[in-house]
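Structure at a glance
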Amino acid sequence: MKLSEIATLIGADFSGEDFEVKGMNTLIDASSDELSFVANAKYIKDISTSNAGAIIVDEKTKEFVPDGCSALVVESPYWQMAVVSAKFAPLLEEIDSPKATIGEGSRVSLKAEIANGASIGKNCQILAGVYVGSNVTVGDNTILYPNVTIYRDCKIGNECIIHAGTVIGSDGFGFASNKLGEHKKIYHNGNVVIEDDVEIGSNTSIDRAVFGTTLISRGSRLDNLIHIAHNCVVGEYSVLAGQTGLAGSSKLGRSSVFGAQSGVAGHLEIAPFNTFAARSGVTKSIKESGKVFAGFPFMDHKAWLKIQAKLARLIK
Amino acid sequence: MKLSEIATLIGADFSGEDFEVKGMNTLIDASSDELSFVANAKYIKDISTSNAGAIIVDEKTKEFVPDGCSALVVESPYWQMAVVSAKFAPLLEEIDSPKATIGEGSRVSLKAEIANGASIGKNCQILAGVYVGSNVTVGDNTILYPNVTIYRDCKIGNECIIHAGTVIGSDGFGFASNKLGEHKKIYHNGNVVIEDDVEIGSNTSIDRAVFGTTLISRGSRLDNLIHIAHNCVVGEYSVLAGQTGLAGSSKLGRSSVFGAQSGVAGHLEIAPFNTFAARSGVTKSIKESGKVFAGFPFMDHKAWLKIQAKLARLIK
Amino acid sequence: MKLSEIATLIGADFSGEDFEVKGMNTLIDASSDELSFVANAKYIKDISTSNAGAIIVDEKTKEFVPDGCSALVVESPYWQMAVVSAKFAPLLEEIDSPKATIGEGSRVSLKAEIANGASIGKNCQILAGVYVGSNVTVGDNTILYPNVTIYRDCKIGNECIIHAGTVIGSDGFGFASNKLGEHKKIYHNGNVVIEDDVEIGSNTSIDRAVFGTTLISRGSRLDNLIHIAHNCVVGEYSVLAGQTGLAGSSKLGRSSVFGAQSGVAGHLEIAPFNTFAARSGVTKSIKESGKVFAGFPFMDHKAWLKIQAKLARLIK
């Protein structure tokens, strides 16, 4: 899509050099043929070093856009970013792609659906009711239990086990809202990558990234009914017990351990080798390692035990 | 089913005029060819204005049933209501209904099942493993991702997106219990209505109403792994983040916003335009609008922050 | 597999009588042709009364193994138990077993998959997208709604209703971890048994036992999005509301009632006839019956109400 067409779509003045926009991305990751946006003043600092070919901004932010980068000035950059995201959304399925390739020794149920353009490795077992979307790659020796859904463009490693009913790559929970409270979908054109040797329980949901990748790193173990929001990173060998949830863009370091029904707020960074008791609610980034936390808002586990003891005395 | 047959079924004396009972309903919604019930003294006030043709009551409540309405007197009205509900449960699938109709431009996977009597609008995309039950209607331009299940009689609007593994219309969690602790299923003969422009995440469950409708109103956004119990109403443009749960019959006003892992108790009414922080547990109805709440039991968000600060000081 | 082969596999010295090992089991349940293990000093007490034919132990524990039972001595018994468990894992599906038997009056969707060796009773209804694994037995008059998955070897009783998307028999969340934080899967070769007259909501997950059985007893009612970990027992007529989770090996007595979003820690025993308010977090075994609890950590419901009142006064 031409930049001039995008400008027309969102009602922005446009007077620079036109070019073919290949996609959208964050300021940090955008290349010169991509469009970015600034919807929050805290990202203004990233404009000067961005390689984006064009940026959707509001009137106040326009002045920060350097020469050689086109500013598309609108009233509501986030809403207009959502409008444009729809234009870069691929088809749900690549009907015209070549038929999926299935590696030697793999067994695929006739009641599974492997969309065109997908690729399954060797010695996999794919049971009935599984859906593998277009351009998905599945490594070797991986098991997909019945009724697993893998959305298009996701990647599943070698030696993975994904239990029944789990969904990999559903759209993240992202939308722009206007003053009337109406919501405009932000199309999630990123993906999910599951590295090697990952086991995921049943009825878990892992959302695809808006841009880039939601990452479950090598050797991790996820239990049942877990919610992983868009753009999260789960570090290597992490352990997440049942019904835990991570909000968007949070990053867990290696060997993070979460007890059941825990939660992590969005945009946090958790240092490696920390443990969280069941029902912990993590509300801030953590820079230290090797600690045990509990509670909501979370605190040192021992402090939490003390508070509970004090509360128990309160009622006597 | 004749009223006299129902009386025999539940062991009730019956001496009024017999009629063909068309169904069961609440006192407020029942029409003259429907049967209602009183299982809790707080509903006695609704008897006098009810149009129900007959009411299942216990000995103490009998006197409130007016002339022209038949009282079926039993020891345990709730249990007997459950017994009768089974008689009005439709078949799981209307095998003899006409084949489903599919609107122009819609693409339905050969691995999806569209039951007889269903109707799919125009330009829909229905992927593999989807189940659409009898008499379901799906509007135009709606996407059902793989392995979505829509139970019979539910209605899905236009421009909706329902992500993989989500279930619309499973039976609500309703049963009568006797003194031995045994449970008798209350058949849920209502439905779920999803209005236009609603997006629902993956592995979410929305239960059908016992009578009437569980309603997700226009423009709402529901995330993954959410539990909506029978007879809830989610107001227009509401936003429910991951792993939130609503207990039965609660009604959220327009533009309600819930952070992740929140919960709402049953039979509450929440005024429009309120926001609830993650993990809020709403235990009472709310009449004011425009507030921010947090905690369990929930309170004003600022008060909650103060309590947390005091608790933190407690341990020093 | 010969005991000598297992010894070689895990690098254990072995100098007793060789025999064909039929499987693995706990010290308490193992028979003389089975292999057990001690990975935690608290189980040493069970060695002397165990019938196990051989036991994986570490150097310190070796001395407790009586004559007539072979000790396989390794550095990390839990890790090696995991290694051996893989050798006893059956095929995902018994392709060569006889075709499934379907009882009179049962209706099975052509889009359901009933694996070889399974057996369906009379008058069942099995809808599209259901998966029933090898050697599963389903009783009479049972309904499996669309996209339900029953893993191999599980048993479903008579008069059961299992709602859409629910998974019965996925692997429990069990693995051994080494000092590098890597995890080794413990194969779960047990099963799940659902007794008669059980109704289970949608998108619920019930994990199979590592050895033996995860049991949902007669007459129980489970709501949506519930997580039941490996080796749990849910007592007769129990009621578990939406989004509740039980950690591994916990046992609920008869007529246990849990409000929504509750949790139970692992290895607890809960006496019969107790009730837990929504969001209870049960952290200890309970020996009394007939009580009402609330809170996390849980306490008497009235005490919890008092604490909340005191906290509310704190902020004034």
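As the structure is a prediction and not an experimental result, all values here were calculated from the model. (Residues numbered from 1 in each chain as written. Chains lettered and ligands numbered in written order. Predicted model: local features only at pLDDT ≥ 70, side-chain atom pairs only at ≥ 80, totals over all residues. Heavy atoms only, no water.)

**As for a negative patch on the surface**
Residues and elements named next belong to chain A. Where like charges cluster on the molecular surface, the negative patch consists of Glu 5, Glu 17, Asp 18 and Glu 20. On the secondary structure map, Glu 17 appears in the loop between helix 1 (3-10) and strand 1 (23-24). Using a relative accessible area of 68% as the deciding quantity, one classes Glu 17 as exposed. (Patch = residues over 30% accessible without salt bridge, like charges linked within 9 Å, V, L, I, M, F, W, Y side chains within 5 Å. Areas by Shrake-Rupley, 256 points an atom, 1.4 Å probe, with all protein chains shown as cover. Salt bridge = Lys/Arg side-chain N within 4 Å of Asp/Glu carboxyl O. Lys, Arg positive; Asp, Glu negative; His and termini not counted. Charge placed at Lys NZ, Arg CZ, Asp CG, Glu CD. Helix = DSSP H or I, 4+ residues; strand = E, 2+ residues; numbered from the N terminus. Buried < 20%, exposed > 50% of the residue type's maximum accessible area, 1.4 Å probe, protein only.)

**What to know about helix 3 (residues 301-314) of chain C**
Since one α-helical turn is 3.6 residues long, residues separated by three or four positions face the same way. Between its terminal C-alpha atoms helix 3 of chain C stretches 20 Å, which fits the 20 Å expected from 14 residues at 1.5 Å a residue. Buried within helix 3 of chain C are the following residues: Ala303(C), Trp304(C), Ile307(C), Gln308(C) and Leu311(C). Down the axis of helix 3 of chain C, the smallest arc covering the buried residues is 140°, so these residues share one side. Facing away from the buried side of helix 3 of chain C by over 90 degrees, the exposed positions are Lys302(C) and Arg313(C). Buried positions along helix 3 of chain C lie against helix 3 (301-314) of chain A, helix 3 (301-314) of chain B together with strand 34 (292-294) and strand 35 (299-300) of chain C. For helix 3 of chain C, the N-terminal capping position is held by Asp300(C), with its side-chain oxygen 2.9 Å away from the main-chain nitrogen of Lys302(C). (Expected span 1.5 Å × (residues − 1). Arc of directions from axis to C-beta. Contact = heavy atoms within 4.5 Å. Polar contact = N/O pair within 3.5 Å; in protein donor to acceptor, adjacent residues only side chain to side chain.)

**Some details on the domain arrangement of chain A**
Residue and element names in this part refer to chain A. Split into domains, chain A comes out as domain 1 (3-88) and domain 2 (101-304). Computed from C-alpha atoms alone, the centre-to-centre distance between domain 1 and domain 2 is 30 Å. Each partner contributes residues to the interface: domain 1 has 12 residues there, and domain 2 has 12 residues. Both faces combined, the contact of domain 1 with domain 2 buries some 990 Å², and carbon together with sulfur accounts for 76% of it. At the junction of domain 1 with domain 2, the criterion picks out 0 salt bridges. If you look at where domain 1 meets domain 2, you find 1 residue pair in polar contact (both at pLDDT 80 or more). Among the elements that take part in the side of domain 1 that touches domain 2, helix 2 (residues 77-85) stands out by supplying 6 residues, more than any other. (Domains from an automatic or database assignment. Buried area = accessible area lost by both parts, 1.4 Å probe.)

**Considering the side chain of Ser36(A)**
All names here are of chain A. Among the secondary structure elements, Ser 36 is positioned in strand 2 (residues 34-37). Within the structure, Ser 36 has its side chain in polar contact with the backbone nitrogen of Leu 27 (distance 3.0 Å). Residues in contact with Ser 36, not counting those within four places in the same chain, are Asn 25, Thr 26, Leu 27, Ala 30, Ala 52, Ala 54, Ile 55 and Ile 56.

**Looking at unusual backbone geometry**
Residues and elements named next belong to chain A. The linkage connecting Phe 296 with the following residue, Pro 297, adopts the cis geometry, with an omega of -5°. Mapping Pro 297 onto the fold places it in the loop between strand 34 (292-294) and strand 35 (299-300). For Asp 153, which is not a glycine, the phi torsion comes out positive at approximately 75°. When you line up the elements, Asp 153 lands in the loop between strand 13 (149-150) and strand 14 (155-156).

**Concerning the interface of chain C and chain B**
Note: interface size is frequently given as the accessible area lost on complex formation between the parts. Contact with chain C, which involves 40 residues of that partner, is made by 48 residues of chain B. The junction of chain C with chain B conceals about 3400 Å² of combined surface from both sides, 58% of it contributed by carbon and sulfur atoms. The closest approach of N and O atoms between Arg107(C) and Glu93(B), which form a salt bridge, is 2.4 Å. The tally of links between chain C and chain B comes to 26 residue pairs in polar contact (both at pLDDT 80 or more). Secondary structure elements with two or more residues in the side of chain C that touches chain B: strand 23 (221-222), strand 26 (239-240) and helix 3 of chain C.

**Things to note about the environment of Gly103(C)**
Residues and elements named next belong to chain C. As for its placement among the helices and strands, Gly 103 is situated in the loop between strand 5 (101-102) and strand 6 (107-108). Expressed as a C-alpha distance, the spacing of Gly 103 and Cys 124, which sit 21 residues apart in the sequence, is 7.9 Å. Non-local contacts of Gly 103, meaning those with residues more than four positions away in its chain, are made with Ile 120, Gly 121 and Lys 122.

**Description of the relation of the copies chain A and chain B**
Of the two same-sequence chains, chain A is brought onto chain B (RMSD 0.0 Å, axial shift 0.0 Å) by a rotation of 120°. Taken together, the rotation and translation relating the two chain copies correspond to the operation of a three-fold axis. A different interface surface on each copy is seen, since only 19% of the contact residues of chain A are contact residues in chain B too. (Least-squares fit on C-alpha atoms with pLDDT ≥ 70 in both.)

**What about empty space enclosed by the protein?**
Counting across every chain of the model gives 5 cavities of 30 Å³ or more. Its boundaries defined by the atoms lining it, the largest cavity holds a volume of some 970 Å³. Lining the largest cavity are 36 residues, and of these Arg279(A), Phe296(A), Phe296(B), Arg279(C) and Phe296(C) lie nearest its centre. Within the residue set of the lining of the largest cavity, elements represented by two or more residues are helix 3 of chain A, helix 3 of chain B together with helix 3 of chain C. Split by residue class, the lining of the largest cavity holds 21 nonpolar, 12 polar and 3 charged. (1 Å grid on protein atoms, 1.4 Å probe; cavity = no way out; pocket = protein on both sides within 12 Å on 5 of 7 lines; lining within 4 Å. Points joined across faces, edges and corners; volume = space filled by probe spheres on them. Nonpolar A, V, L, I, M, F, W, Y, C, P; charged D, E, K, R; others polar.)

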